[in-house]
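The residues making up each chain are set out below.
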Amino acid sequence: MNLLWILFLWPGLNLTPAPTSDLVSDLETHLTVGFPLVSRSLAPALPAAICALESGGFALLTERPARLRFLSSAGTLKDESWPLPDLFSSPRGIQPLRRGHFIIIDRAGHVGEIDRQGKLVRMLPGPEGRWQAGALSRAPGGVGWLVTDLLHGRLHQLDLDGNVHQSWSGFIEPTGVCSVGDHIWVSDRGWHRLIRFDPRSQQPDPQQGIGDHGAAPGLLASPMGLCAVEDQFLWVSDRDNHRVQFFNGRGFSMHYFGIHSMLPREAMGRLHYPTAVAYDEKAAIAAVIEPSERRVQLFGVRDPEVAVAAAELWQRVDLVSHYGRYWAIQPGGRLLVVSEPDSERLSVLVRDLEIPFELDDVGGAGSAPGRFRTPMGVDFLPGNDPSRWVVADRGNQRLQMFQITWKEKPSWRREPALVQLVRTVDMARLVQQHSPWQSSVPPRLAALACGEGGIIAVADDANERILLLDRRFRPVGQFESAGLLKEATAISADGNGFLVADAIGGALLRFEPGQLQPEVIDGDCRMPVGVDRHPDGSIWYTNGANHSLLRIPPGGGKAQTILGGGGTGERQLFRPRAVRIDEDGSVWVLDHGNHRGVVIDQDGALRHFGSEPYLPDGGVRMRQLKLQQKKLQEQR
Amino acid sequence: MMVMLLLSLLALTIVQDPPPSVPTPSPAVTDEKEQGPLLDEPLRRLALSLRRAETPPEDRTNRFADDPAAAQLGQLLFSDVELSGDGKISCATCHRPDQQLVDGKTHPRGFNQIPRDTPTLHDVAGHRWWGWDGRWDSLWMQALGPIEEVDEMAGDRLQVLRHLAATKELLQRYQAIFGALPDLASLPERAIEAGEATTGWKALSEARRRQLNRAFTNIGKAIAAYERTLRGPATPFDHYLEALAASDSQVAAEYPISARRGLILFLGKAKCIRCHGGPMLSDGEFHDTGILTSGRTARDAGRYGGIQELRVHPFRSGGEYSDDPQGDRASRTERLQRDAALWGAFRTSSLRYLVGTAPYFHDGGMADLRSVIRFYTWRQGARPSGAGHSHQGETMLTRIPLTRQEEDDLIHFLESLSAVESSPTPDD
Amino acid sequence: MTEFDSDPSASSESPGCIILVLVVFSLLTGLLMLLFFAGCQAPPTAVAPQGPGWKSLISADGTYQVMLYIPDPTPLNQEFTAQGTVFKDGEPISEDVEVVFDGGMPQHAHGLAVPVETIRRPAGGFAAAGVRFHMGGRWLLTVDIIEGPHLERARGWVEIR
């Protein structure tokens, strides 16, 4: 048993790139950080940003509610917390200032200085125009700040007064930034890379970035927050790999810790979508925040007396794929298509079995046709000969259409290449070519639905509108309604119009071509994230804030909660997203946070499928059925 | 009427996209059917596709590749221990002429001390890429790699050139082929130290560095010219294939029946030829076959890392030291792209000369041929794959249960690809 | 548009034979015309494959026809140039239309071991040098035609035994 920890340490000990003797010992220390120390819940708030304090410990920003909190390196979370100024309801970054104040940024593009009680000291100008703040750090040399803009894929260097000093573009989704020595490092979720450059002499070149999409050591899957160490190394929260990686200044992955949590809300070293890390260098304590779990965990130096878990030695090289936020039901057919951004894929399942069977999948990270960078909204086109669907490929700024020519017979075998790419359209280019659509901000595609006559409605969140195209991806119109529509979080076809759930605006709307204003179905809805019309005329929607599925009766009226409560119980949901209703009235809810699907059939009976630990019976029934399926497969 | 008839005719000739279906298995091979020594079609055609090439493929990136004088110089350098930092190691130390040009060991290399098995140099010129991870795209480029590798020969180009200048015979040979050596006065001790360029080297003018690099690459080209002559001895399988080509059933019948049965399995039921085809019994490309790894071996990026190293290396086929920087080889390298799917993929081994070149696989993880076969057939020592697991790795490697007899036959076939008698395979 | 003449002129003696002769004569004349015109202009709606190795692929929505040449028999482990011509409504595509050729084995989840670049040639032509099928089995060939922001894919299969 004692030998095991040597195996764990050995790769670390040999990775020293010949620095001075003092640094050798510190590096060795950093390379043994990863032992879970403590887990602190922040529920119901979500941790949004974290930074280390010079005096030791960490400062945290949360959202819902937006507050400032402090955590010591010993793991004590101070009870007292301070509300943030109103403009900072969705904070995204925090950096300490010398006089005990902090610089913070908000998703909506605000930059400000607050004191230790969260009071606003001053606003800083920041970049002009609309922008969406992603991350914040110090600039190289400590002179000024770096902020990333997710809307335009840009990085800005601000001076100490908050004015833009220099900007760089070419990023897809710059989710993290930090300075290491003279270099700036940007983590880009769209590229799944760390892009490193010297701002004095270079332009950032994503093609030279470090890493690619994958789970092996040195690869990344949705890298997010970065944190510099001793101005030579950096921690990277490798979000979809559920781990934190340690790189040296040359981009070499030297170490990582964190294992994907297998059980719901599992803690003590298990990570679940970590989005940021902060590091107390003196204490060698790393603090990792996981918004999906509403918690912060501390990791320290491994105690040599404690055995290494077998799972830590098992070096998997596969990406774990989970259901994303959107799925679609084949009209009059058996298929279900679900986007899985974790693995940059789209899965096609045969849905009318007790456990849906994955028939084929398409994708993989990349820019080539048939590949994705964050697949988002998906929906089937009307008509089944052949069956086609459209998916919004956000990172590549395009729509992709696929078709499947699967002969509907019982088949328990995965058949690659059933799914064919039909066509794609470069939306950034199309928007520029079609003058009614032109805008200064490139489109940011998200939700999508296909309506009557094959009209495709796709959300363009960057411009608060919905673009309409035909089956050949030619523009036919748009829905926009300044003020009423903030973000089309979910769209579904509804007769000759479309239902829209706006999570930011807090409204359920119905748009119809030819009408200037949408119909407001519910203007005071808390964070609707999925919506669809039932054949009986009722409207069903999911609420992302209180994890529920609600039903508005036909003709309007008070919404009734059908499923609810943040948990993994049979009648519970956790961060649900899309809802799609079949022609026979069965309701399909994508229970995203529980990695599962929930189906309510016409009789009200519930069915679950997906990730085994999250199923109400712990996956017992699913395992039995999978075994049966496997036997049938082997018999063929 | 005429136009309609014509259009109908044309319509009939258009090939429609056939309905996708599970691919038909390759040639209808049955091991139940008795195959004569000359084999029936299509087995015979497939077997003949494994015939060794008469000469190694052309290498235009090295204009001295087939120069006998360069080969003679290369032979001297190959066993010259003065090329190493401590004066104790030559290429021949690990590629032992008395041991099938291997040393039977794996050597840890690089930042992560990742173990790599010493590959044999028999027929080495027949590869498309060199190194388990394909980090070298020509034989001369590969020859230079271990010389400066810290964990291998730990030598240095400047030291090598100084040694050349100081050794009369080497100098004369060099000058006769390549012309004068560059001026070696006032040079730093080393060009590379612990994998980094030294300050002294960086301080030299670019023109001077180029001259020195060119001389260094000339040495690589000479070694490569020698290595191109390392044609492995004729094997029983080669004799059999010649008999097959000449339809000489008498000579063909001398090939052991067990090995012939193994060949039939190789071409059919065991599907080895899918990747191990062609004259080298290798497709020359890279696959992740699902080898179970842990610790250091689990950090081996394989082809993914190899591509990144190769694309920026000054000695690659498209670089200025190549004699054909616009040619096919260079084009191949320039077209390579980063692909995370190739993480942990390694070069398909040639199956020639396996006897005496154990252990096997890139990390030397398989001690004998039976383990190798069981890795592929029973998936012993392989990562779990299939539904619920990743899209990483070769998806076509599924279990192919072979009987003990079939395993023995396959081993006998593989052994017939060597010219050395094997020791009896251990019973387990 | 020529209407199909379903009532050819008949003689009083043996109408069946005469009809047959006329049909054969029409076919022969048509073929001769095709051969004559093939070098001058493409037929209005479809193009015939030109011999062994040529395949005709229709894009997914029928917008384009791709005449693709892969050597026959399809080489294994040897580099070759895949080439062809793309037609739209029977006419070769214009110079500003991009064409991208690629190949892969979806059953084995991999593409070409070394990617290829596709260049345009005059009169709707394209070529991709350095294609190498490194494994036997079924290869999926795709030709993407890109006009402005729109891409449409044509695909076909080839089998190497």
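In this text, all values refer to a predicted model and were calculated from it rather than measured experimentally. (Residues numbered from 1 in each chain as written. Chains lettered and ligands numbered in written order. Predicted model: local features only at pLDDT ≥ 70, side-chain atom pairs only at ≥ 80, totals over all residues. Heavy atoms only, no water.)

Enquirer: Give a description of the sheet that holds strand β36 (residues 465-469) of chain A that names residues and reports values.
Expert: All names here are of chain A. With antiparallel pairing, the four strands of this open sheet are ordered in space as β34-β35-β36-β37. In this open sheet, the two strands that pair with only one neighbour each are β34 (445-450) and β37 (475-480). Each strand of the sheet is rotated relative to its neighbour by a mean of 20 degrees, with strand direction disregarded. By the bridge criterion, four bridges tie β34 to strand β35 (residues 456-460) in an arrangement that is antiparallel. What sits directly across from Cys450, in β35, is Ile456. (Pairing = 2+ DSSP bridges. Helix = DSSP H or I, 4+ residues; strand = E, 2+ residues; numbered from the N terminus. Axes fitted to C-alpha atoms, helices over the stretch in contact; angles between N-to-C directions.)

Enquirer: Go over the sheet that holds strand β27 (residues 335-340) of chain A, please, and point to the residues and values.
Expert: Residue and element names in this part refer to chain A. The strand order across the open sheet built from four strands is β26-β27-β28-β29, with neighbouring strands paired in antiparallel fashion. Whereas interior strands pair on both sides, the edge strands pair on one side only; in this sheet they are β26 (327-329) and β29 (357-363). Averaged over all adjacent pairs, the angle separating strand axes in this sheet is 20 degrees, with direction ignored. Summarising the sheet, strand β28 (residues 345-350) and β29 pair through six bridges and their orientation is antiparallel. Paired with Leu349 across the bridge in β29 is Glu358.

Enquirer: Tell me about the nonpolar core, residues and numbers included.
Expert: Residues Trp389(A), Leu399(A), Met427(A), Ile466(A) and Ile491(A) are the most contacted members of the largest nonpolar core, which totals 60 residues. The contacts of Trp389(A), once residues within four sequence positions are left out, are Val337(A), Leu346(A), Val348(A), Val378(A), Asp379(A), Phe380(A), Leu381(A), Gln400(A), Met401(A), Phe402(A), Ile404(A) and Val419(A). Grouped together as the second largest cluster of nonpolar side chains are 58 residues, Trp140(B), Ile147(B), Ala224(B) and Phe286(B) included. (Core = buried A, V, L, I, M, F, W, Y, C linked by side-chain atoms within 4.5 Å. Buried < 20%, exposed > 50% of the residue type's maximum accessible area, 1.4 Å probe, protein only. Contact = heavy atoms within 4.5 Å.)

Enquirer: Please provide a residue-by-residue account of the interface of chain A and chain C, values included.
Expert: By a widespread convention, an interface's size corresponds to the accessible area lost as its parts come together. The partner chain C presents 14 residues to the 18 residues of chain A that form the contact. Both faces combined, the contact of chain A with chain C buries some 1400 Å², and carbon together with sulfur accounts for 47% of it. Counting across the chain A and chain C interface gives four salt bridges. Between Arg472(A) and Asp61(C) there is a salt bridge; the shortest N-O distance is 3.7 Å. Scanning the region where chain A abuts chain C turns up 10 residue pairs in polar contact (both at pLDDT 80 or more). When contributions to the side of chain A that touches chain C are tallied by element, the ones reaching two or more residues are β33 (419-426) and α4 (427-433) of chain A. A class-by-class count of the residues in the side of chain A that touches chain C yields nine nonpolar, three polar and six charged. Note that β33(A) and strand β10 (residues 150-160) of chain C share three bridges and pair antiparallel. Across the sheet, residue Arg423(A) finds its bridge partner in β10(C), namely Glu152(C). (Buried area = accessible area lost by both parts, 1.4 Å probe. Salt bridge = Lys/Arg side-chain N within 4 Å of Asp/Glu carboxyl O. Polar contact = N/O pair within 3.5 Å; in protein donor to acceptor, adjacent residues only side chain to side chain. Nonpolar A, V, L, I, M, F, W, Y, C, P; charged D, E, K, R; others polar.)

Enquirer: Kindly report on the side chain of Ser492(A), identifying the contributing residues and their values.
Expert: Residues and elements named next belong to chain A. Relative to the helices and strands, Ser492 resides in strand β38 (residues 490-494). There is a polar contact of 3.2 Å between the side chain of Ser492 and the side chain of Asp532. For Ser492, the contacting residues outside a window of four places in its chain are Ala449, Gly497, Phe498, Leu499, Val531, Asp532, Arg533 and Arg580.

Enquirer: So, empty space enclosed by the protein: which residues are in play, and what are the values?
Expert: In total, this model carries three cavities of 30 Å³ or more according to the counting rule given. By volume, the largest cavity amounts to about 110 Å³. Taken together, 12 residues form the lining of the largest cavity, with Asp288(B), Ile291(B), Thr293(B), Gly344(B) and Arg383(B) sitting closest to its centre. Split into classes, the residues belonging to the lining of the largest cavity amount to five nonpolar, four polar and three charged. One number sums up the size of the second largest cavity: a volume of about 70 Å³. Around the second largest cavity sit 14 residues that line it, and Tyr326(A), Ala490(A), Ile491(A), Ala578(A) and Arg580(A) are the ones nearest its centre. The set of elements that each furnish at least two residues to the lining of the second largest cavity consists of β30 (375-384), β34, β38, β42 (528-533) and β46 (579-581) of chain A. Looking at the lining of the second largest cavity element by element, the count peaks at three residues for β42(A). Looking at the lining of the second largest cavity residue by residue, the class counts come to 11 nonpolar, two polar and one charged. (1 Å grid on protein atoms, 1.4 Å probe; cavity = no way out; pocket = protein on both sides within 12 Å on 5 of 7 lines; lining within 4 Å. Points joined across faces, edges and corners; volume = space filled by probe spheres on them.)

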